[in-house]
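Notes for the structure review
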Amino acid sequence: MNAAKPPRGTSSKQKSGAAASHAAPTRTNDLRTAFLDFFARNDHVVVPSAPLVPRHDPTLMFTNAGMVPFKNVFTGQEKARALRAASSQKCVRAGGKHNDLDNVGYTARHHTFFEMLGNFSFGDYFKERAIALAWELLTKDLALPKEKLLITVYADDDEAARLWKKIAGVPDDKILRIAGSDNFWSMGDTGPCGPCSEIFYDHGAHLPGGPPGSPDQDGDRFVEIWNLVFMQYEQREDGTRVDLPRPSIDTGMGLERIAAVMQGTHDNYDIDLFRTLIAASVELTGVRAEGDTPRATASSPIICARLPSLLPTACCPPTKAAVRAPPHHAPGHAACASARRQGPAALPAGADAHRRDGARLSRARARRGSDRGDAEAGGDPLSRDLGTGLAAVDEAVEGLSSGDTLPGEVAFKLYDTFGFPYDLTEDALKAKGIAVDAAGFRAAMERQRAEARKSWAGSGEAATETLWFELKEDLGATEFLGYETETASGEIVALVKDGKRVEKLEKGERGIVIVNQTPFYAESGGQVGDRGTLGMGTDVSFRVEDTQKKLHGLFLHEGVVEKGTLLRGETVMLTVDHARRSTTRAHHSATHLLHEALRQVLGQHVAQKGSLVEPGRLRFDFSHQKPMSQDEIAAVEDLANAMILQNAPVETHLMTPDAAIEQGALALFGEKYGDEVRVVSMGIAPDSPKAGHAYSIELCGGTHVTRTGEIGLLKIVGESAVAAGVRRVEALTGGAARGFLAGQDARVRQAAEILKVSPDEMIERLAAVVEERRKLERQLAEAKRALALRPEGGGGEAASAVRELGRVKLLARTVHGVQPKDLRGLVDEAKQQLGSGIVAVVGVSEEGKAGLVVGVTDDLTGDYSAVDLVRVGARRLGGKGGGGRPDLAQAGGPTARAPC
């Protein structure tokens with residue numbers, strides 16, 4: 001829609017007096033419903049609003065028009081699910097080609113966030129039907145006076161002019177031909193395009209401004225309410241236009257603008273949607289809705305723009321950095337006004353207006369409670385920071401007067417030291433007539449970056465990371481979309497091969513791809529990086545084997561080109577391996593439950609010392625001094641699985657680290673946290689001291705399940721020591737855990753079959769078998785000892801008789817099949833039989849190795865030592881050493897030769 005700007009002195013409170021005097025809908029919510037119902041009756045499929053942040057269009061930061069979700073349909077890359085559609089699309093125009101940011105608060109009809117009502121035809125009806133539908137809705141269903149409507153057509157579009165006269169009976173003087181881009185729409189330099197036909201509403205002669213195309217068209221009298229785009233051509237690279245085989249229709253009507261018309265005002269901020277917000281902002285900030293300066297007049301509409309309230313619900317949570325981003329006006333103005341009053345900028349009453357935004361925004365309402373908690377947790381520090389910044393601004397301009405310029409170096413100091421955004425510095429000084437040296441600010445910013453690059457490049461081992469630093473400086477951080485989606489399109493902003501930037505990667509080449517936005521999670525916090533594919537249709541494919549992150553925000557997709565050629569600057573589709581991501585996030589969420597269970601069972605001294613979260617398992621290291629008993633392991637499993645069975649929602653919030661800790665959150669080992677953290681809570685424990693009686697609350701940036709039930713099951717499969725005072729448990733979840741238990745069950749059944757009993761009787765039968773075996777082993781050992789000491793010998797060969805060596809008796813035997821532990825018993829028995837003497841027994845194992853035990857009776861230990869004798873014997877056996885007591889010693893050797 002055209003961005004017509006009225007003179008800045010125009011009051012935003014003048015009434016048009018043109019409200020419809022009939023029973024037509026007037027409230028914003030009712031108008032949205034009436035529009036969608038009208039087109040549903042006319043065979044259109046009503047499509048829900050797409051996300052504010054496009055997932056499949058890397059060329060846009062925000063959805064800025066109703067046709068954005070259908071862009072691929074219009075270009076032919078995607079097949080339409082229906083030939084006719086209608087929607088009420090949430091839109092943001094706060095940057096890029098369509099940027100209404102600087103108009104907010106200065107005109108009566110511009111917003112950063114707004115809703116675009118639209119109907120679409122994908123090769124079905126064209127101009128005639130589109131004009132007929134628009135005219136019927138406006139003049140019959142909404143009962144707008146025909147004489148208040150003014151039509152524009154593209155200068156050369158005779159067909160559209162003729163149809164307006166034929167269908168609507170609009171006279172020639174109410175059909176204005178407009179040349180140029182204002183009435184010709186195109187998607188880009190090439191591609192679908194076509195003429196437009198706009199419908200304007202005349203708010204009355206009491207307002208300044210002339211009709212479109214006139215010198216004073218920027219007034220408030222004539223306001224465009226609906227734009228019909230007749231997409232009938234294709235713009236080619238050679239400058240020619242050809243007819244599209246199936247012309248299409250794309251229309252857009254601002255919900256807030258038509259609501260203003262129906263509610264009898266030319267001012268969008270005077271409709272039901274904003275009145276409560278405006279009143280609340282005035283009450284809480286002290287900034288009047290009207291004032292002596294343009295900025296004072298503009299503050300309330302800026303504060304009450306719906307963007308800062310609804311953007312968090314569209315996967316853009318509020319942060320302190322938001323004041324530095326394009327949609328800074330509302331949070332900046334609210335916080336600045338609040339800071340000057342030394343209080344947080346909360347708008348509880350104004351928030352009620354959003355409750356009336358309708359069923360279409362039910363998801364936003366559902367999350368409003370958590371967003372309010374985020375804002376409350378971070379609001380005070382932000383207000384304090386801006387208050388400090390405002391005081392610094394006031395100090396910086398002492399001695400300056402209207403017409404002077406604040407040096408850029410000073411503005412940069414306000415930004416760098418106090419975190420005060422440059423844009424807000426400009427706004428704060430505009431009312432005083434003081435300008436800011438923008439060029440000087442940019443020069444100071446660049447000098448700081450240069451110093452940072454120099455410092456980085458010279459920091460030893462980190463010098464090898466220079467490439468990543470340069471890329472981060474050039475490209476900024478990669479936008480992560482993976483919390484909301486596993487597929488998205490992105491623009492290739494850099495390619496790296498062998499440590500160097502390249503323009504392309506060809507089939508078979510390995511390298512790194514960096515895109516502006518990605519659904520791939522990069523390895524962090526113990527969770528492994530995602531895998532998947534990246535490519536364009538069936539022509540180009542890059543297998544992502546790992547995703548890493550550098551410099552807190554630069555995502556690197558590592559892998560190999562399997563098909564085609566990747567070129568820098570191309571748009572590609574990124575698809576995460578869903579199965580791998582699902583099992584990984586289940587293990588990650590289970591880690592949180594496991595951590596809390598360990599603390600409850602073992603004690604509050606348990607603290608995480610490391611973790612690994614993979615698709616197939618989880619590993620968790622924690623502080624604890626002794627091994628876990630089987631009862632403790634079972635208790636931990638029971639607690640964690642009880643939380644899984646709750647199937648409670650897994651919630652995430654953004655807040656300051658201090659606020660998170662106050663709510664009971666646990667910080668993870670080895671992680672560094674900034675001014676804002678992502679807090680993950682899961683499970684419900686009525687006796688928990690944590691916020692909301694949550695079972696587990698942790699600071700975590702990883703991906704998680706949406707409900708605990710998705711984990712399925714947790715099974716601990718290992719417990720071991722890692723280091724002094726550090727234990728490790730390994731566990732499985734979901735399918736992996738069930739597979740492990742199924743394998744265990746199969747082994748139990750197999751063992752039961754071998755024992756010839758049922759699985760229920762197996763334990764008793766196995767205990768009996770073990771006891772029976774122990775009894776037989778004892779009997780066998782006794783028999784072997786008795787046999788070995790028989791006078792006739794034993795152990796498989798003729799036994800030596802007792803020899804008389806002087807006055808000393810010697811009994812030497814070689815035995816087979818006797819366990820080494822039983823050799824000592826044989827020697828003791830032999831010593832008793834001799835009464836006085838020396839005994840030497842060699843035991844031969846099945847592998848042919850020998851063990852030697854020598855015993856000396858007590859009366860001879862003064863003359864002979866068993867230790868000295870066993871060492872002599874060990875050498876004869878090919879070994880060395882040996883040890884024991886003077887009366888009994890033991891040694892071994894690799895051969896089984898007899899010692900004597």
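Not measured: the values here are computed from a predicted model. (Residues numbered from 1 in each chain as written. Predicted model: local features only at pLDDT ≥ 70, side-chain atom pairs only at ≥ 80, totals over all residues. Heavy atoms only, no water.)

For helix H12 (residues 408-418), the full list of buried residues reads Gly408, Ala411, Phe412 and Leu414. Viewed end-on, H12 has its buried residues packed into an arc of 155°, placing them on one side of the element. Exposed and facing more than 90 degrees away from the buried side of H12 are Lys413 and Thr417. (Buried < 20%, exposed > 50% of the residue type's maximum accessible area, 1.4 Å probe, protein only. Helix = DSSP H or I, 4+ residues; strand = E, 2+ residues; numbered from the N terminus. Arc of directions from axis to C-beta.)

Throughout the structure, instances matching the rule amount to 15 aromatic pairs. For the ring pair phenylalanine 620 and phenylalanine 622, a centre distance of 6.3 Å and an interplane angle of 20° mean the geometry is stacked. Of the two residues, phenylalanine 620 and phenylalanine 622, neither departs from the other in class, the shared state being buried. By the ring-pair criterion, three or more aromatic residues cluster together here, those being Phe35, Phe38, Phe39 and Trp226. (Phe/Tyr/Trp six-rings, centres within 6.5 Å; stacked < 30°, edge-to-face > 60°.)

Read from one edge of the open sheet, six strands run S30-S31-S32-S33-S35-S34, paired in mixed fashion. Where the open sheet ends on each side, the last strands, each with one partner, are strand S30 (803-805) and strand S34 (883-885). In this sheet, adjacent strand axes meet at a mean angle of 20° when their direction is disregarded. Examined bridge by bridge, S30 and strand S31 (residues 808-816) share three bridges and lie antiparallel to one another. The partner of glutamate 804 across the bridge, within S31, is lysine 809. On the sheet, helix H21 (residues 820-834) packs against S31, strand S32 (838-844), strand S33 (850-856) and strand S35 (888-893) and is oriented at approximately 155° with respect to S32. (Pairing = 2+ DSSP bridges. Axes fitted to C-alpha atoms, helices over the stretch in contact; angles between N-to-C directions. Contact = heavy atoms within 4.5 Å.)

Now for the confidence of the model for the protein. Averaged over all residues, the pLDDT of the protein is 79; the fraction at 70 or higher stands at 76%. Here residues 303-309 is modelled with pLDDT under 50, and outside its nearest four sequence neighbours on either side it reaches 29 contacts, counting other chains as well. Low confidence marks residues 339-382, where pLDDT is under 50. Its contacts with residues over four positions away, or in another chain, come to 82 contacts. (pLDDT = per-residue confidence, 0-100.)

For helix H5 (residues 255-262), a buried count of eight out of eight residues is recorded, marking the element as mostly surrounded by other parts of the structure. Taken together, the buried positions of H5 are occupied by Leu255, Glu256, Arg257, Ile258, Ala259, Ala260, Val261 and Met262. Glycine 264 sits one or two residues past H5 and shows a positive phi near 75°.

What follows deals with the environment of leucine 823. Position of leucine 823 relative to the elements: it lies in helix H21. According to the relative accessible area criterion, leucine 823 is buried, its value standing at 2%. Sequence-distant contacts of leucine 823, defined by excluding residues within four places in its chain, comprise Val815, Val818, Val841, Gly843, Gly851 and Val853.

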